[in-house]
Amino acid sequence: MTLQRAESIKMEHSNAALARQFEQAADILEILGENPFRVRAYRNAARVINDQPQPITDRVREGFDPADLPGIGADLADKIREFTTTGHIAWIDDLRTQIPAGLLELLRLPGVGPKKVRALWQELGITDLDGLRAAAEAQKIQALPGFGKKTEQNILKALSSDFLQERRFLRPVGKQAVAPFLELLAAMDTVDRFEIAGSYRRGRETVGDIDVIITARETDAPAIMDALVAHPSVQDVLVHGPGKTSVVTELDIQIDFRVVAPESWGAALLYFTGSKAHNIVLRDRARNRGWKLNEFGLFDGKQCIASKTEAEIYDAFGLETPPPELRENRGEFEAAEQHNLPRLICIEDYRGNLHAHSTWSDGKQTLHDIITAARDEFHYSYWAATDHSKSLTVANGLDEDRVLQQIDEIAKLRETVPGIEILTGIECDILEDGTLDLPDEILSRLDVVIIAIHSKFNLSRKAQTERMLRAMDNPWITFVAHPTGRLLTRREGYAIDIERVIRHAAERGCFLELNASPWRLDLNDIYCREAAAAGVPITINTDAHHSRDLNNLEHGIAQARRGWLRADQVINTLPVPQLRDAIRRTKLA
Ligand code: DGT
Ligand code: CA
Ligand code: CA
C-alpha cells in the first residue's frame, strides 16, 4: 500500500462517516419519540452530506462554513465542525446512552424501522434481538398496532436465517472504514509495510470484515496497536494484543490488524489473504512435501524455506503467483503449475464508458459536464450517452422526440467537447412481454442500445427468461445491462436462467454487462467467466449518474479479475475504431 493510495482512499472517507452520525441520531430520536421535524432535519442532513462530491471535513478545515449547505442550520453546522476537529459529536455520543444499546440492532431486521422499534420497546419492553425472538415465538408481536401476523412471521424468518449472522458490507464501506487507519499507519515511522488482505484484497463483491497486515519490529508492535485502538473512529475494541487487534469502527464494520516481523511479510499476507479454500490446498501441498506453512513462513523442520514475499513462497512450490482475485481454488493451482495463469485485465486497460446517465434522465450532471470530466479527469477516449427510456417515468426517461433532440445535442457536443468520441445511445426498458419501449425506427439511429429490466421483477423464472431472450432478439440491441438485477445486501436478483441468457448472447452476438456499481457487480465473477468462455464479450460500465461514480470502476475491474477476464475479453479495452466495429457487428439488420 503506497502513501498515495492511502491518500486517495482517505478522500472518500469522511462524508459517509459523518452522514452515519446524523442517520443514527435520527434513528435514536425517532425511537425516543421526538418531534418528527427534528428527526427529518437529521435525515435530510445525512442525505445532503452523502451527496457532497468533496469531503466536507477537508473543506471545513479550509474555512468552508457548513451552514452554506442546503438544509444545514447553525446547530448542525456546529456539530459538523466538532466532528471535523474531534471525529466525534458529543451530543450524539450522549444520545446513544439514552436507549438500550441492543435496540439499534433491531433496525437491521427487514421491515423494522425506528417507529416499530419504539413500539416493541415501549409496549413489550423488548431491548435486544433475544427479547424480540422470545416475544415473536410467544406470538406477542402480532397484537401490536401496526404489526400483524405477517410482520411477526417475517421477523422470525429473518432471525432464523443467516441474515443477521453473516452480515456483509459493500466494498466502498469497507474501504471507507479502513481509510483513516491506513493513513495513521502511513504516518508511523515504526511501521515497515502494511496492506489490506482478506476478501477485500481478493476483490470479493462484499466483505465480512477488513484484514490489515502490518510488519514492524516486535518491540514496536504494542505501540502501533495502541495507536490504532486510540483512533477516534474506533467504536469498540474486541481484541487488543501486540500480534492481533480487532476493532469495530463508526461504520459498524470490524477491522482485524495483525503485526508480524518484516521477514514474515509474504507469509502473513498470503495466509490472511486466503481464501480459506486456497490456503487449505497450499497447506496440503506443504504437508505432502514434509513442510509446514503458516503465517510466519514455509518451514522444513526448523529451517525457513521462504517467507519474505508471496512470490518466494509460491516459487518454492513450483507455482506461478496467482493474483489475489484468483485465490479461490477454482483452477488457479492447475494454471499456476503450468505457468499459464491468465494476464488479467487491469484498470489501465480501460478506455471508455458505454453506460451512464445525465440530467436528460436521472443523472446529476449535464452531458457536457460529465463527458468533460470523463475526458479530463479519467482520460476516457469515448463516451456513450445512455439515458433511460420513456417507461422509466420516475427517471424522466426519454421518449421518441427527446431521443432525437439528444442526438442533435450530441452532434453539437462533438464540436464543443473535442478529444473524446461521443456515441449516441439509450438504456431501453424491456417491457413485460419482452418488447422494447422505443420503436426500431428510433433504436436504429443510435450507436449503443442497452436493454434492461427495471420492472416486473416477480415473474416466474421461465417467463422472465423468455422476456429477456425475446428482447435480445431485437436487431438493434448492443448489450444487456446488469443482467440479474440484484442489489447487493439489499435484494436478490429476479429469477432468471442466466446460463440460457449467456448462450443466447453467444448465438445472437451481443455483449453482456458487468455493471461496476458496488451495489450491483452484475454479472458476477462466475457468470463473467462462463460468458467469456462461451465467447460473449463483456462490457464493464459504472452506470455513472455523476462523474464521481466513475471511481467505482475499480470494483468492476476487481470482479472481472475474479472472473478470470483478460483485457481482450472486455469491450471497453478496444480503441475507438475497433469498438465501433464491434458495436456494428451486434446490429442484425
Ligand atoms: P470475509 O471477511 O468474510 O469477507 O472473508 P475473508 O476471506 O476476509 O475471511 P476472514 O476475515 O475470516 O479471514 C481472512 C483470511 O485469513 C481468510 O481468507 C483465510 C485466512 N485464514 C487462514 N486460516 C484461518 C483461520 O483459521 N481462521 C480465520 N478466520 N482465517 C484464516
Ligand atoms: Ca475479512
Ligand atoms: Ca477477519
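To be clear, the structure that these remarks concern was listed above.
On a predicted model such as this, the values are computed, not experimentally measured, just so you know. (Residues numbered from 1 in each chain as written. Chains lettered and ligands numbered in written order. Predicted model: local features only at pLDDT ≥ 70, side-chain atom pairs only at ≥ 80, totals over all residues. Heavy atoms only, no water.)

Caption draft 1: Representation of helix 25 (residues 576-586). Among the residues of helix 25, those classed as buried are Val576, Leu579, Ala582, Ile583 and Thr586. Angularly, the buried residues of helix 25 cover 125 degrees about the axis, an arc narrow enough to put them on a single face. Residues Pro577, Arg584 and Arg585 are exposed on helix 25 and point more than 90 degrees away from its buried face. Packing partners of the buried residues in helix 25 comprise strand 12 (382-384), strand 13 (421-423), strand 15 (448-452), helix 22 (498-508) and strand 17 (511-515). (Buried < 20%, exposed > 50% of the residue type's maximum accessible area, 1.4 Å probe, protein only. Helix = DSSP H or I, 4+ residues; strand = E, 2+ residues; numbered from the N terminus. Arc of directions from axis to C-beta. Contact = heavy atoms within 4.5 Å.)

Caption draft 2: Focus on the sheet that holds strand 15. One open sheet holds the 5 strands; their spatial order is 14-15-16-17-18, and the pairing between them is parallel. Only two strands of the sheet have a single partner each, and these edge strands are strand 14 (425-429) and strand 18 (538-541). Sheet contacts for helix 24 (residues 553-562): strand 17 and strand 18; angle to strand 18, the most-contacted strand, approximately 150 degrees. (Pairing = 2+ DSSP bridges. Axes fitted to C-alpha atoms, helices over the stretch in contact; angles between N-to-C directions.)

Caption draft 3: View of the nonpolar core. Ile371, Trp383, Ile426, Met468, Met472, Leu512 and Ile540 are the most contacted members of the largest nonpolar core, which has 61 residues in total. The contacts of Leu512, once residues within four sequence positions are left out, are Phe479, Val480, Val501, Ile502, Ala505, Leu523, Ala531, Val536, Pro537, Ile538 and Thr539. (Core = buried A, V, L, I, M, F, W, Y, C linked by side-chain atoms within 4.5 Å.)

Caption draft 4: Structural detail: the coordination of the calcium ion (ligand 3). The coordination sphere of the calcium ion (ligand 3) contains the protein donors Asp209 (OD), Asp209 (OD), Asp211 (OD) and Asp256 (OD), at a distance range of 2.3 to 2.8 Å. Coordination of the calcium ion (ligand 3) draws on donor residues from a single chain, spaced D-x1-D-x44-D in sequence. In this structure, the calcium ion (ligand 3) is positioned 3.7 Å from the calcium ion (ligand 2), and both are ligated by Asp209. Separated by 47 residues along the polypeptide, Asp209 in the loop between strand 3 (206-207) and strand 4 (210-215) and Asp256 in strand 7 (residues 254-260) bring together distant segments of the chain. Relative accessible area serves as the criterion here: at 19%, Asp209 is assigned to the buried category. Taking relative accessible area as the criterion, Asp256 reaches 5% and is therefore assigned buried. (Donors = N, O, S within 2.8 Å, 3.2 Å for Na, K, Ca; no water.)

Caption draft 5: Expanded view of empty space enclosed by the protein. Counted under the stated rule, the structure contains 1 cavity of 30 Å³ or more. Looking at the largest cavity, its volume works out to about 30 Å³. Looking at the largest cavity, the residues that line it are Leu270, Tyr271, Asn279, Arg283 and Leu293. Elements with a contribution of two residues or more to the lining of the largest cavity: helix 14 (265-273) and helix 15 (276-288). Taken together, the residues that form the lining of the largest cavity break down as 3 nonpolar, 1 polar and 1 charged. (1 Å grid on protein atoms, 1.4 Å probe; cavity = no way out; pocket = protein on both sides within 12 Å on 5 of 7 lines; lining within 4 Å. Points joined across faces, edges and corners; volume = space filled by probe spheres on them. Nonpolar A, V, L, I, M, F, W, Y, C, P; charged D, E, K, R; others polar.)

Caption draft 6: Highlighting the coordination of the calcium ion (ligand 2). Within the protein, the atoms that donate to the calcium ion (ligand 2) are Asp209 (O), Asp209 (OD) and Asp211 (OD), at distances of 2.2 to 2.9 Å. Around the calcium ion (ligand 2) sit 6 donor atoms; with metal-centred angles ranging over 68 to 165 degrees, the donor geometry is irregular. (Tetrahedral: all angles 85-135°; square planar, octahedral: opposite > 155°, others 65-115°.)

Caption draft 7: Up close: the environment of Lys587. Its location among the elements puts Lys587 in the segment after helix 25. Leaving out residues up to four positions away in the same chain, Lys587 has contacts with Leu446, Asp447, Val449, Pro475, Trp476 and Thr478. Here Asp447 takes part through its backbone oxygen, which lies 2.9 Å from a polar atom of the side chain of Lys587. (Polar contact = N/O pair within 3.5 Å; in protein donor to acceptor, adjacent residues only side chain to side chain.)

Caption draft 8: Structural context of the site of ligand 1. Close to ligand 1 lie 14 residues, the nearest being Arg168, Ser199, Arg202, Gly208 and Asp209. Contacts to ligand 1 include Ser199, whose side-chain N or O atom sits 2.5 Å from an oxygen atom. Side-chain polar atom of Asp209 to an oxygen atom of ligand 1: 2.9 Å apart, as the coordinates give it. For ligand 1, the protein covers 69% of the area, taking 570 Å² as the surface of the free molecule. For the shell around ligand 1, the elements supplying multiple residues, two or more each, are helix 12 (198-201) and helix 14. Broken down by element, the residue count for the shell around ligand 1 peaks at 3 residues, all from helix 14. Its residues placed into classes, the shell around ligand 1 shows 3 nonpolar, 7 polar and 4 charged. (Near = heavy atom within 4 Å. Areas by Shrake-Rupley, 256 points an atom, 1.4 Å probe, with all protein chains shown as cover.)

Worth remembering: the numbers are spatial, not functional.
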